Amino acid sequence: MKIMDFLSQDAIIVDLKATDKKSAIVELAEVLKNTKKIKNSDDIINIVLERERLGSTGIGQGVALPHGKTDLLHEQIGVLGISRKGIEFNSLDGEPVHIIFLLVGPVEVAGQHLKALSRISRLFKDKFLRQAIKEAKTTQEVVKLIQQEDAY
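Along each chain, residues carry numbers from 1 onward, in the same order as the chain's sequence is written. Only residues with pLDDT of at least 70 are given local features in this predicted model, and only at 80 or more are side-chain atom pairs given and counted; all residues enter the totals for whole chains, interfaces and linings. Each side-chain value is worked out from all heavy atoms of the structure, with water and hydrogens disregarded.

## Things to note about the pattern of salt bridges
Here's step 1: Any carboxyl oxygen of Asp or Glu within 4 Å of a side-chain nitrogen of Lys or Arg constitutes a salt bridge here. Taken as a whole and assessed by the stated rule, the structure comprises five salt bridges.
Here's step 2: Between E50 and R53 there is a salt bridge, with the nearest N and O atoms lying 3.1 Å from each other. Of this pair, E50 and R53 both sit in helix α2 (residues 41-54), three residues apart, which is roughly one turn of that helix.
Here's step 3: A relative accessible area of 44% places E50 in the partly exposed class.
Here's step 4: With a closest N to O distance of 2.6 Å, D150 and R119 form a salt bridge. Within this pair, whereas D150 is found in helix α5 (residues 139-150), its partner R119 is found in helix α3 (residues 110-123), the two being separated by 31 residues in sequence. No difference in accessibility class separates D150 from R119, as the two residues are buried. By the criteria applied, helices consist of DSSP H or I runs no shorter than four residues and strands consist of E runs no shorter than two, each listed in order from the N terminus. Burial classification: accessible surface area is computed with a 1.4 Å probe over protein chains only, and a residue below 20% of its type maximum counts as buried, one above 50% as exposed, and the rest as partly exposed.

## Some remarks on the pairing of strand β5 (residues 77-87)
Here's step 1: With respect to burial, β5 is a largely interior element, nine of its 11 residues being buried.
Here's step 2: Paired strands are those between which DSSP finds at least two bridges. Pairing between strand β1 (residues 7-13) and β5: three bridges, direction parallel. Within β5, the residue paired with I12 across the bridge is L80.
Here's step 3: One ladder, built from seven bridges, connects β5 with strand β6 (residues 97-106); its direction is antiparallel. For G78, the partnering residue across the bridge sits in β6 and is L103.

## Quick word on the nonpolar core
Here's step 1: The nonpolar core is taken to be a set of buried Ala, Val, Leu, Ile, Met, Phe, Trp, Tyr and Cys residues, with the residues joined through side-chain atoms within 4.5 Å. Judged by nonpolar contacts, the single largest core of 49 residues is most densely connected at L80, I100, F101, L102 and F124.
Here's step 2: Considering every element that reaches this core, the biggest residue donor is β6, with seven residues.
Here's step 3: We call two residues in contact whenever any of their non-hydrogen atoms come within 4.5 Å of each other. Filtering out sequence-adjacent residues up to four positions away, L102 remains in contact with I25, L28, L32, I44, V48, P66, I77, G78 and V79.

## Section: unusual backbone geometry
For residues that are not glycine, phi is negative in most cases, and the peptide bond is trans in most cases.
Here's step 1: Even without a glycine there, the phi angle at K36 is positive, about 65 degrees.
Here's step 2: Among the secondary structure elements, K36 is positioned in the loop between α1 (21-34) and α2.
Here's step 3: What makes K36 exposed here is its relative accessible area of 71%.
Here's step 4: We note that Q61 has phi near 55 degrees; this positive angle belongs to a residue other than glycine.
Here's step 5: As for its placement among the helices and strands, Q61 is situated in the loop between β2 (58-60) and β3 (63-64).

## Thoughts on the side chain of H113
Here's step 1: One can find H113 in helix α3.
Here's step 2: Under the relative-accessibility criterion, H113 is labelled buried at 2%.
Here's step 3: In the analysis that follows, any N or O atom pair within 3.5 Å is treated as a polar contact, provided that within protein one partner can donate a hydrogen and the other can accept it, and provided that, for residues neighboring in sequence, both atoms belong to side chains. Reaching out from H113, the side chain makes a polar contact with the side chain of Q76 at a distance of 3.1 Å.
Here's step 4: Those residues in contact with H113 that sit more than four places away from it in its chain are H67, G68, K69, Q76, L103, V104 and G105.

## So, α2
Here's step 1: In this analysis, the expected span of each helix is defined as 1.5 Å times one less than the number of residues it contains. Along its 14 residues, α2 runs 21 Å from first to last C-alpha, staying within 8% of the 20 Å computed at 1.5 Å per residue.
Here's step 2: Taken together, the buried positions of α2 are S41, I44, I45, V48, L49 and E52. Viewed along the axis of α2, the buried residues span an arc of 125 degrees, placing them on a single side of the element. Exposed positions of α2 whose direction lies more than 90 degrees from the buried face are R53 and L54.
Here's step 3: Buried positions along α2 lie against α1, β4 (67-70) and β6.
Here's step 4: At the N-terminal boundary of α2, the capping side chain belongs to N40, with an oxygen 2.8 Å from the backbone nitrogen of D42. As used here, the arc belongs to the directions running from the helix axis to the C-beta atoms.

Note that every value here comes from positions in space, so none of it alone points to a role or purpose.
Okay, here's the thing in structure tokens:
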């Protein structure tokens, strides 16, 4: 499974406007709606925020993986946002988040959802990749970085 299997170039924001966790989730869900990947962003926002209530998905090192499952989808879809300023996300390490990868998928394939989360998590363990993505100016740069790393 490759990241670009569930992340398209039009679902990458290199300069998130959000300044807090909820508005970041809303902004990312709106991207999915605007790119026609979902019909209703409210459902996705509620699912992801409900998951956040169980515990923060800020995994540390400036990365957050908000996610959820719904019967409204038939495949995994993701959206990636980069915050230049950083967002308080109640991360495990207490640091602000700069890279937010929101992932939603269908309920009936929970195994695929876990594989996708694992793949994303492994990708962002590389500090050089995290830094390069934070500094990327265009979505094309981000895609190229992910594809290079995803090749391994």
